[in-house]
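# Observations on chain architecture
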Amino acid sequence: MGSELWNEVDQYFARKLLMDDELERVLGANREAGLPEIDVSPLQGKFLTLMAQMKGAKRVLEIGTLGGYSTICLAKGVGVDGRVTTLEVDQAHALIAEGNIRRAGFLEQVEVLVGSALDTLPKLKEAGHVFDLVFIDADKENNPRYLEWALALTTSGSVIVADNVVRNGEVVDAASTDERVIGIREYMDLAQRDPRIDSTAIQTVGSKGYDGLVISVVK
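Residues numbered from 1 in each chain as written. Predicted model: local features only at pLDDT ≥ 70, side-chain atom pairs only at ≥ 80, totals over all residues. Heavy atoms only, no water.

### A word on the sheet that holds strand 4 (residues 131-136)
Note the following rule: Between any two strands, at least two bridges found by DSSP are needed for them to pair. By definition, any uninterrupted DSSP run of H or I lasting at least four residues is a helix, any uninterrupted run of E lasting at least two residues is a strand, and each is numbered from the N terminus. Convention adopted: a line fitted to C-alpha atoms gives each axis, helices being fitted over their contacting stretch, and angles between N-to-C directions are expressed from 0 to 180 degrees.
As summarised here, the arrangement of the seven strands in space is 3-2-1-4-5-7-6, forming an open sheet in which the pairing is mixed. Each edge of the open sheet carries a strand with a single partner, namely strand 3 (110-114) and strand 6 (197-204). Within this sheet the neighbouring strands show an average axis-to-axis angle of 15°, counted without direction. Examined bridge by bridge, strand 1 (residues 59-63) and strand 2 (residues 83-88) share five bridges and lie parallel to one another.

Below, the structure written as structure tokens:
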């Protein structure tokens, strides 16, 4: 069983469960703009929408916007009275995301903040923001810092989701010199020992290869 079959199964589920031409247009716009094709997959995007709906989230924080694909998925989940705050370090990416978000009809529900997330997160704390759901999908090297800030910006019952934690199995390599893997392993150490959260991990295969998520609930 290999990636060819994973992709075929992903396509089967997508045909059965996904019917959103607007999100397909977003992926097309991102490709045309030359963005790296590292968005969540369509099925994973729907997972984010349903996660927000199941949680009843009205305030969502996303760390890592890229072209806004997952942002729009989260905005769909929070509904018309919800808000998504998304952080993007790259101004060019943020402009593309804002265009996609506008065309999808979610501009009033989404705020794109440009700059280093580690500079922006303290400002959100100072402004008194509290989030129901946090989605971490940025530079993996800083994942431990992002988890600490996510905990500072959430409350009991909030959900924290970290993407790309398996990295084709590299996460088990304690000798890895890859800063991304090191960051994920440090994140896992924090999740293991921090008494404020209860966590699990889900391995995934599909159009995005072999990867996975860590999902935590704030106690």
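From this point on, the discussion continues.
### Observations regarding the pattern of salt bridges
Put simply, the rule reads: We define a salt bridge as a contact between a side-chain nitrogen of Lys or Arg and a carboxyl oxygen of Asp or Glu at a distance within 4 Å. Relative accessible area decides the class of each residue, using a 1.4 Å probe on protein chains only: under 20% of the type maximum gives buried, over 50% gives exposed, and in between gives partly exposed.
Under the counting rule described, the total for this entry stands at six salt bridges. As a salt-bridge pair, Lys58 and Asp81 come within 2.9 Å of each other at their nearest N and O atoms. Here the residue Lys58 occupies a position in the loop between helix 3 (42-55) and strand 1, and Asp81 occupies one in the loop between helix 4 (69-78) and strand 2, the gap between them amounting to 23 residues. Taking the relative accessible area as the measure of exposure, Lys58 reaches 33% and is therefore partly exposed. For Asp81, a relative accessible area of 54% gives the class exposed.

### Section: the pairing of strand 7 (residues 211-218)
For strand 7, the buried fraction is high: seven of the eight residues fall into the buried class. In the sheet, strand 5 (residues 154-163) pairs with strand 7 via five bridges, with the strands oriented antiparallel. Bridged to Asp163 within strand 7 is Leu213. With eight bridges joining them, strand 6 and strand 7 adopt antiparallel strand pairing. Among the inter-strand pairings, Ser199 is bridged to a residue of strand 7, identified as Ser216. Turn length for the strand 6-strand 7 hairpin, with the two strands adjacent in sequence and antiparallel, is six residues, and the turn residue Gly206 shows positive phi of about 155°.

### Some points on the environment of Leu35
Threshold: Contacts: residue pairs with any heavy atoms within 4.5 Å of one another.
Along the chain, the position of Leu35 falls in the loop between helix 2 (21-32) and helix 3. As for Leu35 and Thr200, which are separated by 165 residues in sequence, their C-alpha atoms are 31 Å apart. What Leu35 contacts, discounting residues up to four positions off in sequence, is Asn30, Leu66, Gly67, His93 and Ile96.

### With respect to the packing of aromatic side chains
A ring pair, where both rings are aromatic, is described by two values, the distance of the centres and the angle of the planes. The test is simple: Note on aromatic pairs: the rings of Phe, Tyr and Trp (six-membered ring only in Trp) are paired at centre separations within 6.5 Å, and the planes decide the class, stacked below 30 degrees, edge-to-face beyond 60, tilted for the rest.
Under the definition given, this model contains one aromatic pair. Ring centres 5.6 Å apart and planes at 55° place the aromatic pair Tyr12 and Phe13 in the tilted group. Judged by its relative accessible area of 41%, Tyr12 falls in the partly exposed class. Given a relative accessible area of 38%, Phe13 falls into the partly exposed group.

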